[in-house]
Every structure is written in C-alpha cells, then in structure tokens.
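# Close look at the chain arrangement
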Amino acid sequence: MDVFVNMFKCWDDISAYNCGFLFSVGDGIPRESSPFINNASMEGENIYEGKNMALFEEEMDSNPMVSSLLNKLANYTNVTQGVVEHEEDDDSKRKEIKAPRMGTFIGVYLPCLQNILGVILFLRLTWIVGTAGVLESFIIVFICCSGTMLTAISMSAIATNGVVPAGGSYYMISRSLGPEFGGAVGLCFYLGTTFAGAMYILGTIEILLKYIATNAAIFTGGEEATLNNMRVYGTCILALMAIVVFVGVKYVNKLALVFLACVILSIIAIYAGVIKTAFDPPDFRICLLGNRTLLSGDHICAKYVIENNVTETTLLWKKFCSDDPSLNATCDEYFRLNNVTEIQGIPGDGVAVGKLLEWNNLWSVYREKGVIIEKQDMPSVPVPSLEEVKEKSDAYVYTDIMTYFTMLVGIYFPSVTGIMAGSNRSGDLRDAQKSIPTGTILAISTTSFIYLSCIILFGACIEGVVLRDKFGEAVNGNLVIGTLAWPSPWVIVIGSFFSTCGAGLQSLTGAPRLLQAIARDGIVPFLHVFGHGKANGEPTWALLLTALICEIGILIASLDSVAPILSMFFLMCYLFVNLACAVQTLLRTPNWRPRFKYYHWTLSFLGMSLCLALMFICSWYYALVAMLIAGCIYKYIEYRGAEKEWGDGIRGLSLNAARYALLRVEHGPPHTKNWRPQVLVLLNLDSEQLVKHPRLLSFTSQLKAGKGLTIVGSVLPGIYLDKYTEAQTAEENIRSLMGVEKTKGFCQIVVSSSLRDGISHLIQSAGLGGMKHNTVLMAWPQSWKQTDNHFSWKNFVDTVRETTAAHQALLVAKNIDLFPMNQERFTEGNIDVWWIVHDGGMLMLLPFLLRQHKVWRKCKMRIFTVAQMDDNSIQMKKDLQMFLYHLRLNAEVEVVEMFENDISAFTYEKTLVMEQRSQMLKQMQLSKNEREREAQLIHDRNTASHSTGMVKSHTAITTPEKVQMTWTKEKLISEKHKNKETSMMNYKDIFNMKPNQSNVRRMHTAVKLNGVVLNKSQNAQLVLLNMPGPPKNRQGDENYMEFLEVLTEGLNRVLLVRGGGREVITIYS
C-alpha cells in the first residue's frame, strides 16, 4: 500500500512542478497572469468616460473594453498553470429440510477430487507429455496448479470472512465483487460449467467410439466423418442426460460416489501398472519403418518372411508397393531405403527416473498438422520429397492438429478446474469456514501430486511415439494410458467412461442451478424467466437453456477445441476471485477480516496476474472474446440491471480512486486549456417540491454534455428538523428530473431559515475538495417586481454579489421557459455573442460548448462588439477576426458603432418613472405583519404617557401573547388621519422629485444597447450578453434590476454572462 501512496505523492509533486502558479499577494489564491483581467496598466486610462458605457463604468478598471483588449493582443502572454440482502429474501422462502451434517472429507474433499480428476487425465495427458516433453509438461501442470492453488487461498479467505452463504461460489463471489462484476463473473462461471458439460460428453463419445464400440460409427471415412459421429452421438447423449437431470436429480447425486469410485480405481490401476512394469512390462509392440510409426493391424511387422526357404512378401509390402507382391515390384522410395523394426511401447527398463534423462521424452516435439509421428533417436534414410509418402497416408500414424506450447496449456487447464465443487455445497456443510479451506486445498494438493507424478511416470515408462499417438493407433487402437494400467487396459477404459459420464451429469445439474441463482438475484433483467422452475424448485427453463448452450459445444465436435473455451471462462472467474480479495485488503475494508491465517494480499495479486497471463497464453483471441462478453454483461447490468448494494469491494475501490483523484486536484485551479464550466444549478421549487423551470436542467445538459461537474441545488426555507421529509421529496423529484433530462451530476438540497442564507451556503460549500463549482447557473426572476415573490430581486442581486466575491462565473438565463428541450433541434439560426467588456473569455467558450450538443449543432456563431467614437472599427474587426483565428473558433464578426449623442427624453422619463416606482415601493413595502407591528408600536407610544410602571407591568404581562389594543373610536380615527397626511406628503415628494444623473446615464446605456441588440439579434436563437455588476451602493439595487430588464427587453432567449475573474480560453495549444 505504501508503494501506491508514494506513487501518488510523486505524481502530485510532478503535477505541482509542471504547474507554474502566480499567487496574488495576500489571499493566496492562484491566479493567471494575463493582460485581460486585473491589469494595473489599464487603471489610469479614462477612455471609457462617457454616457454610452456608463452601465459598465464601475468595472472598467478590472474588465477592459474589447477595443482596448484587441489593441493589446500582440502583447498577450499566458503563464502555464499548471441493503436488503438477497440471501435474506431467499431464506424466508427456503424450507429447512435437515440440519447440515457433512464434514470436510465427504462434503468438500471428495467432490473437489471428482471434479478435478477427469477426462483430460485419461484422454490427453499422455499426449501432452509426449508432445511437450516431461520438462515443459511439468511447467504446464505446475503453472495451472499454482493458479488454482492461489485462487483456493483467496477463496478460503472469502469463506472465512463471516458466515458463508448457502448459495455457493456464486454468492461468495458476487457479494465480494458487487452486482456488476458479480453478475458478469457469475455468468462466465455458468458458461464455463456449461461448456465443461459439453467437453465431458465429447470425452464420453470419444471413449465410446474409439475404444469401446469401434464399429458403432454411423459415418465412415476421414476426419469429417469422425466429427459428424461425435455430433450425432453427442446430441443423443446430451438429450438423454438432460432427461435424467429433469426427471430425477437425486439419482444423479446418489450416483456421484459411484462415479468417484471409478476415478479412484482408475488412478490406482495406473500406479499399480507402473509398479508392475518395473518387474513384468506388458507386451505392446510398435512397428516402425525407419523412424516412422506405422499403423497397427493384421500385418506382420516385416517387409517379407522366409518360410520353407521361400521368401514371401507381407501385407506391409503390398501397402507400399502398389499391391504388387513380387520382390521386383516398384515400391515407395522411403520403404525401399529403410528397414522395418519392432520396438516395445512400454520398455521394461525405463521405469527408473535416471534412465529418463537419456530419452527424448524429456524434450518437446511440436509438429504441424498431418506430420508423421517419428521416433527421435531411430536412424533412417531420408528421401528428397515427401509428396509420395503423403499419398500412402493409410500406413502411417499422423498428427491430427498443429501443436505448440500455448495450445497445450489451453487444452490442459480444464483438468485443474472444479476447485469450487466444495464451496458449492456450503449450505450442507457442518462448518463451512473450516471445511472449505481445508478440503479444497487438500484436494488441490492431492490432484497436483497425481498430475505431476503421472507426467514423470508416463515419460519414464512409455515410449515417445506411443505418447504422441493421441488415439493409440500404433497400439491396436488401445487407450494409451490403458497400456500402462494393471490388471487390464479395460479398467481405465470403463473407469474413464463412467467418470466422464458422471462429470457431464454433474455439470448439467450444477449449471442450471447457478443460472437460477443469478436470475433470482434480479441483477440481469432478461434472465428473470430462468429463475422459475417446477413446483419443487428444479430449474426447468435454466436446464433447457443449459442444454442448448451445451449443444453448441457438441456441434464443435472436438474436445481439443472446446477445452480452451471453457478455460477462458474459468480463468476469468478465478481472476476476479483473486481481484476481490486483493482489493478488499489493499483498501483496508473494515469488514474484511478473514480468519484464514495463510492468506496475504500478494498471493491474491499473484494469482490474479497468473490467471490473466494464462488467459492470453491459452488463446489471446479467446481471451479477448471472453473479456468482451464479461464487459458487455457488466455494462448491461450497470445500465439496465436492478440496483443492489452488497457492500462489495468494487464500491470501496471506486471511493478510494475518487479520494485519490480529489486529493490530486486539490492543489490548485485547472490550467486554462482544461477549464470548463463546473456548474452549480440553482433551482426554484413550488409548494409541492416540484421544479418550476425544468428547462434549466435541459440547458445544463446541453452545455455540459455529460462532462465535468454538475451540482443541482435548491433551498427550502424553514428548519431542517421540520422540513426533513420535504427535503427528501424534493431531492427525489430533482433526481427524477435529472434522469429524464439526462443531466449527469449530483443533487444537493439545503434547508435554511431564509432563502437568502441557503443560496449563500450552496455557493460557499457545494462540492468537495478540488471538485467544486466555478460557475453558477440560475433563472432570471421574471416576477421580481412583485413584492410577494419568494425569489425577490434582493436575493438575486445578493447572489450576483456573492458569485463575484467567490470568483465564480454567473450565467443567468432569461425567459428560460422558451429555451429548447433536449429533444428539439434547431435546423438554422444564430447564436449571437455581444462582447462589450472582456471578463475572461466566457462569452467565447459558451457558444462553442453549446454547439457540441445536437440541439445547437446547426446554429452559427456571430460575435458583435461595440466601437465608440474614438475607435477604429475597421481595425477592430480585423483584430477580432485574428483573435478568433488564434482561438480556433469559427464565427462571423461585426463591429457595431455607437456614437455620442444627447440623452433622449424617453430615457429621461424612463429613469424618472423607475426612481418614482422605487420610492413608492419603499412606502408600500410594509406587509400585513409589519403593519401589525407598526400598530403595536403606536399603541406602546400612547400608553407610555400614562405611567412608566404601568408600561413595565403591561409589557411583562403581554409579551408572550399578542397585544389586545383597546383604542377608542376617536383615537383610532385621529391616528388614521395622521398617517394619511404623512403618506400624502411623501407621495407629493415622489412626484416632485428629479432623477439622479448617474441613473440617467446608466439607463441611457441600457436603452441604447438594447436598441442595437434588437436591431441585430432579435431573431437569434440565443443571445449572450455581458452582465454588468450590481452597484457598489446597495441603495440602488432595485434600479440595477430595472437596468437589466431594459437591456434585455424584447429578446426571446438571453443568457447574461458574468465572468469569474480568470481566463477560461487561450490561444495557445
């Protein structure tokens, strides 16, 4: 773990080294060095004095005019910156039949032994030894057994980490890996078990047709006829086995011990044969022509024989001499030059291991398909061409497939699978936590010893050409391993036949139940039908699907081709078992406390690496296909499957990875090249906690396209203890709407005593670490002029001020209900950008991001900027076009000229009306509650003149309750007349007032800019406009809202943009 921590620290150091931050003095906040924002060289310039830009004049020191920006383009520099468990549901449905009473030997050891020792041992191990040699075969077996032993250690850790569920291996794996990986691995395990059934059936047919009933073949001829025989007989036996499993599974379980006895007797017969060979080797003769192996038959192993002084040719002569028995016949060149010899297939003096080193069985003999099997140390006279030999192929023993090391690994690996047979019976064990580790590891140790000893004994006892003879064609069609057995080869033949039959039945029994368990978990919706079965719970539909998949393996018809397929699925299953243990340990998951004392995470990691290596060693293309299948299943479960929370290690891995990533991005803001809006969306909710403006989320998804951070926030006024239920409802509604609008992000609901404070809390604290928002998106308060509006103009203006103080960008969407939904498409139109002051380049970046979405993709981007009387508009347009070229943005450019002129009477009158309205609002601002409080104060003032003591007493008595006023009628009328006269005087002052000159100049800017924008962009699909900041004097906040209203009047869709005080776009690559 320390290695990973140091590695991440190193990456942090590297990233910090590569990021050259320039820190501002005092606040310690990293800022970019840029001529565009906060440039002191511009502070002294007074070119903005005038009426046209009065609305923005208070910000000109920090946000320069575009004309000034373009003049300084040549000097542009940018410093680089850097649960409810499934088992509980099943337990309530599962009927308890009897208490588990199986021990380690019967419950785990023997089932694992039966499943591990099987068809490959009897049919292919001798051929693997002959082809790969003793040394490489030893390596193959050792690697495969090591992989399963390491997996067994990991599985033992899982089994001893709490109570083992009754569902067997699938439940242990899925509850450790989670629903996505658990479902993918579970289905891989199921497919491996199903194809294992096909392999066992093919092995059964091979034993039947090759060694028991050789005349039972339906098709005769070459290789294709053999495959067709395998398909026909395999389909028939599969149907028979499926019927047996469907009718009576209990009989299959009862016969398991019989099949196991066959396996054990066969192995005992092999060891007994080895011992007997040392004293009395069996007589299995092999006929060789030169160094080439000849097919066994009725012929004498000689070219001719001499009987009664008469030389007579043999049947072998006729085979090589075109059926001409005469000694002068024209014969095959190789036959003519080489002698025929006869050797023993099992030499009696070869048992000693020391003798083995003198044999060629120690080394590999890999050959292409169709090559004659030759004895390595036998002298022979070669011929120039082998074409003539191939014409007489019925005389020699040929290789049936091309052989190489990795292929042999794929064929052998199924012989070490079956290590989970014991854990599959976890519900029947007396002490699963003790029995599963002990029994499984003991079984693997036993079988590994059997395999490794058999390799040495086969290499020491059997002649190399016999070992390479896969089907025993040189030894009268006998099973090669049977030639070594005692007392008879038939012991091995019959024993292997019944053991493969039993293994096939066990696979057809176990695979449907595994599929049924996955289906009942509900994580793969389309498998739901396979969770049902007969009244007694037998998985009928799962059995049918298993038989169909098994039939695919049988139609392949080659044991050597099916074996690598199931190797892939089992290896992937074992890989993820090791991965689960390693992840749990490395993450130090609190609940991961296995009792198995021999476990260490390095063993799991080694086992995982070994399984992955074996997958690609066996067959790289099969490995890729298996991973693709597992990946597709994973993604399907992720998007369509039922949500399950099993407390798995993968969730912990995700959290740990998120933690590391958050710690890495904590060190500073992103580089300008990587900057994108990380948006905090402020939503308004109605009385039913439903979103008022759902199109704000549509616009968010169009702007973000699933990239970056999105936080959707809302505020509920009140006390959290009282509003807890409403907050949950609001969050559910917002999440549901986010799913509909395909907005990927997080939801955050804040309950606060006031709406104003809640928004402030969201702006300050939303996000985590480096994943904090840098942009706030909100809707324009359409009803801001109404005094009873909850989101009043005062809250809006304060929000603008807070985003500015927090150095966050602000986007205000006006007329948000007119914005397009995600399903709409604009086939034409423009996105118009009115670039008045430069505040970081947000106005340039936003249209580019929007046009990535299919809603806005066909809209064109137009950029307008304003030139005043002193500006060269022609040069400004050229500079702007060059700037856009450097930014790699395609847009039309237009410079709009605004000349100095007198303030119109309309502007003067509009300003006057605005100020009068503002004063009237102040007079009428008292709500009903406030009027009651005012009446209370008047009452207190009147009663104060009577007696000080009386006031104290009255106050003490009436403080807890509302004051009951006891005015006389005359006093009430006089008080009303007094208030009325005061109000009339105030109203007279309002109508006699003159407008403030600063407000007139600002209104002039708003009116004139609005006229220009309307003239150019009235029909635009979207207008982006610089948003001026609120006045520094808070008394003019209501006038600020009026300025913005006038500025955007008459436009359909407007996005007011206010930068966050840093560059967000750069001309550099």
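Everything below is about the structure shown above.
Structure report, in brief. (Residues numbered from 1 in each chain as written. Predicted model: local features only at pLDDT ≥ 70, side-chain atom pairs only at ≥ 80, totals over all residues. Heavy atoms only, no water.)

## Points about the overall build of the protein chain
Counting its secondary structure elements, the protein chain contains 34 helices and 17 strands. A burial count over the protein chain gives 52% of its 1069 residues as buried. When the accessible surface of the protein chain is split by element, carbon and sulfur atoms take 57% of a total near 50400 Å². (Helix = DSSP H or I, 4+ residues; strand = E, 2+ residues; numbered from the N terminus. Buried < 20%, exposed > 50% of the residue type's maximum accessible area, 1.4 Å probe, protein only. Areas by Shrake-Rupley, 256 points an atom, 1.4 Å probe, with all protein chains shown as cover.)

## Let's talk about the sheet that holds strand β11 (residues 775–779)
Sheet architecture is open: 10 strands sit in the order β10-β9-β8-β11-β12-β17-β16-β13-β14-β15, paired in mixed fashion. In the strand order of this sheet, the two ends are held by β10 (746–752) and β15 (892–897), each with one partner. Averaged over all adjacent pairs, the angle separating strand axes in this sheet is 20°, with direction ignored. Note: strand β16 (residues 1022–1026) against strand β17 (residues 1054–1058), 4 bridges, orientation parallel. The partner of Leu-1024 across the bridge, within β17, is Leu-1055. The sheet contacts of helix α24 (residues 720–740) involve β8 (679–683), β9 (710–717) and β10, and relative to β10 the element is tilted by about 155°. (Pairing = 2+ DSSP bridges. Axes fitted to C-alpha atoms, helices over the stretch in contact; angles between N-to-C directions. Contact = heavy atoms within 4.5 Å.)

## Focus: the nonpolar core
Counting 169 residues, the largest nonpolar core has Met-199, Tyr-412, Met-420, Tyr-451 and Phe-458 as its most contacted members. With 24 residues, the top contributor of residues to this core is helix α7 (residues 169–212). Each of two domains, domain 1 (81–89 + 104–280 + 401–618) and domain 2 (619–667), supplies a minimum of three residues to this core. Each residue touching Phe-458, except ones within four places of it in the same chain, is listed here: Leu-125, Thr-126, Val-129, Ile-270, Leu-467, Ile-481 and Leu-484. (Core = buried A, V, L, I, M, F, W, Y, C linked by side-chain atoms within 4.5 Å. Domains from an automatic or database assignment.)

## Re the pattern of salt bridges
The full count for this structure, using the stated rule, is 20 salt bridges. Across the salt bridge formed by Asp-560 and Lys-470, the nearest N and O atoms sit 2.5 Å from each other. Here the residue Asp-560 occupies a position in helix α19 (residues 559–586), and Lys-470 occupies one in the loop between α16 (464–467) and α17 (489–521), the gap between them amounting to 90 residues. Lys-470 shares its class with Asp-560; the two are buried. Salt-bridge contacts for Arg-695 lead to Glu-824; the nearest nitrogen and oxygen are separated by 3.5 Å. Linking Arg-695 in helix α23 (residues 695–704) with Glu-824 in the loop between β12 (809–814) and β13 (830–835), this pair joins segments that are 129 residues apart in sequence. The structure contains a network of salt bridges with shared partners spanning Arg-124, Glu-206, Asp-400, Lys-470 and Asp-560. (Salt bridge = Lys/Arg side-chain N within 4 Å of Asp/Glu carboxyl O.)

## Here's the deal with unusual backbone geometry
Note: most peptide bonds trans; most residues except glycine with negative phi. Pro-487 follows Trp-486 through a cis peptide bond whose omega is 15°. Tracing the backbone shows Pro-487 in the loop between α16 and α17. Non-glycine residue Lys-742 carries a positive phi angle of around 60°. As for its placement among the helices and strands, Lys-742 is situated in the loop between α24 and β10. The backbone of His-807 sits at a positive phi, close to 55°, despite the residue not being glycine. You can see His-807 is positioned in the loop between α26 (793–805) and β12.

## Overview of the sheet that holds strand β3 (residues 285–289)
Strands sit in the order β4-β3-β7 across an open sheet of 3 strands; the sheet is antiparallel. Of all the strands in the sheet, the pair left with one neighbour each is β4 (292–293) and β7 (340–344). As judged from the 2 bridges shared by β3 and β4, these two strands associate in the antiparallel manner. For Leu-288, the partnering residue across the bridge sits in β4 and is Thr-293.

## With respect to the packing of helix α20 (residues 601–618) against helix α21 (residues 620–640)
Where α20 contacts α21, the axes come no closer than 5 Å and their chain directions differ by 125°. In terms of orientation, α20 and α21 fall into the oblique class. Of the residues in α21, those touching α20 at Leu-612, Met-615, Phe-616 and Cys-618 are Trp-620, Ala-623, Leu-624 and Met-627. A breakdown of the residues in the contact of α20 with α21 according to their chemical character gives 8 nonpolar, no polar and no charged. (Parallel < 35°, antiparallel > 145°, perpendicular 65-115°, else oblique. Nonpolar A, V, L, I, M, F, W, Y, C, P; charged D, E, K, R; others polar.)

## Here we look at the state of the cysteines
Applying the stated criterion to the full structure yields 2 disulfides. Across the disulfide, Cys-287 is cross-linked to Cys-301 (sulfur-sulfur distance 2.0 Å). Across the disulfide from Cys-287 to Cys-301, rotation about the S-S bond amounts to roughly 90°, and the bridge is consequently right-handed. Highlighted residues: Cys-287 in strand β3 and Cys-301 in the loop between β4 and β5 (304–307), separated in sequence by 14 residues. Using a relative accessible area of 7% as the deciding quantity, one classes Cys-287 as buried. What pairs with Cys-321 in a disulfide is Cys-331, and their sulfur atoms sit 1.7 Å apart. On the sign convention where negative means left-handed, the S-S torsion of about 105° between Cys-321 and Cys-331 marks this disulfide as right-handed. Separated by 10 residues along the polypeptide, Cys-321 in the loop between α10 (315–320) and α11 (333–337) and Cys-331 in the loop between α10 and α11 bring together distant segments of the chain. Each member of the pair Cys-321 and Cys-331 is classed as buried. Cysteine pairing for the protein chain, with bonded cysteines counted in sequence order: 1-2, 3-4. (Disulfide = S-S within 2.5 Å.)

## Comments concerning the packing of α23 against helix α27 (residues 842–850)
Helix-helix packing is described using two parameters, namely the angle between the two axes and the distance between the axes. At a minimum axis separation of 7 Å, α23 and α27 run at an interaxial angle of 95°. When the axes of α23 and α27 are compared, the pair comes out roughly perpendicular. For the pair formed by α23 and α27, the contact residues are Phe-699, Gln-702 and Leu-703 on the first element and Leu-846, Leu-849 and Leu-850 on the second.

## Concerning a nonpolar patch on the surface
A cluster of nonpolar residues, Leu-612, Phe-616, Trp-620, Tyr-621, Leu-624 and Met-627, forms a patch on the protein surface that exposes about 580 Å² of accessible area. When residues in the nonpolar patch are grouped by element, the largest group, 4 residues, is from α21. Mapped onto the secondary structure, Met-627 falls in helix α21. For Met-627, a relative accessible area of 31% corresponds to the partly exposed category. (Patch = residues over 30% accessible without salt bridge, like charges linked within 9 Å, V, L, I, M, F, W, Y side chains within 5 Å.)

## Quick word on the pairing of β17
For β17, a buried count of 5 out of 5 residues is recorded, marking the element as mostly surrounded by other parts of the structure. Looking at chain direction, β12 and β17 are connected through 5 bridges and run antiparallel. When the bridges of β17 are listed, Val-812 appears paired with Leu-1056.

## Structural notes on the packing of aromatic side chains
What the rule picks out here adds up to 23 aromatic pairs. Judged by centre distance (5.5 Å) and plane angle (85°), the rings of Trp-620 and Tyr-621 are edge-to-face. Members of the aromatic cluster, connected to one another through ring pairs, are Trp-317, Phe-320, Phe-335, Tyr-396 and Tyr-398. Its end group placed over the ring of Tyr-334, Arg-292 keeps NZ or CZ at 3.5 Å from the ring centre. A cation sits over an aromatic face here: Arg-292 above Tyr-396, 5.8 Å from the ring centre. (Phe/Tyr/Trp six-rings, centres within 6.5 Å; stacked < 30°, edge-to-face > 60°. Lys NZ or Arg CZ within 6 Å of the ring centre and 35° of its normal.)

## Section: helix α28 (residues 873–886)
The first and last C-alpha atoms of α28 sit 20 Å apart over 14 residues, in line with the 20 Å expected at 1.5 Å per residue. Turning to α28, its buried residues number three or more, namely Ser-873, Met-876, Asp-879, Leu-880, Phe-883 and Leu-884. Projection of α28 onto a plane perpendicular to its axis shows the buried side chains occupying an angular sector of 135°, all on one side. Those residues of α28 that are exposed and angled more than 90 degrees off the buried face are Ile-874, Lys-878 and Tyr-885. Arg-888 sits one or two residues past α28 and shows a positive phi near 60°. (Expected span 1.5 Å × (residues − 1). Arc of directions from axis to C-beta.)

## Topic: the side chain of Ser-266
Structurally, Ser-266 can be placed in helix α9 (residues 249–279). We classify Ser-266 as buried; its relative accessible area is 1%. The contacts of Ser-266, once residues within four sequence positions are left out, are Phe-122, Val-491, Ile-492, Gly-495 and Ser-496.

## Section: the environment of Phe-796
Following the sequence through the fold, Phe-796 ends up in helix α26. A relative accessible area of 0% means that Phe-796 is categorised as buried. Along the chain, Phe-796 and Met-778 lie 18 residues apart, while their C-alpha atoms are 9.4 Å from each other.

## Observations regarding a positive patch on the surface
Where like charges cluster on the molecular surface, the positive patch consists of Lys-742, Arg-825, Lys-854 and Arg-857. Take Arg-825: it is sitting in the loop between β12 and β13. (Lys, Arg positive; Asp, Glu negative; His and termini not counted. Charge placed at Lys NZ, Arg CZ, Asp CG, Glu CD.)

## Quick word on the pairing of β12
Counting buried positions along β12 gives 6 out of 6 residues, so the element sits mostly inside the fold. The two faces of β12 match: Ala-809, Leu-811 and Ala-813 on one face and Leu-810, Val-812 and Lys-814 on the other face are all buried. In this structure, β11 lies alongside β12, joined through 5 bridges in parallel fashion. Note on β12: the bridge partner recorded for Met-778 is Val-812.

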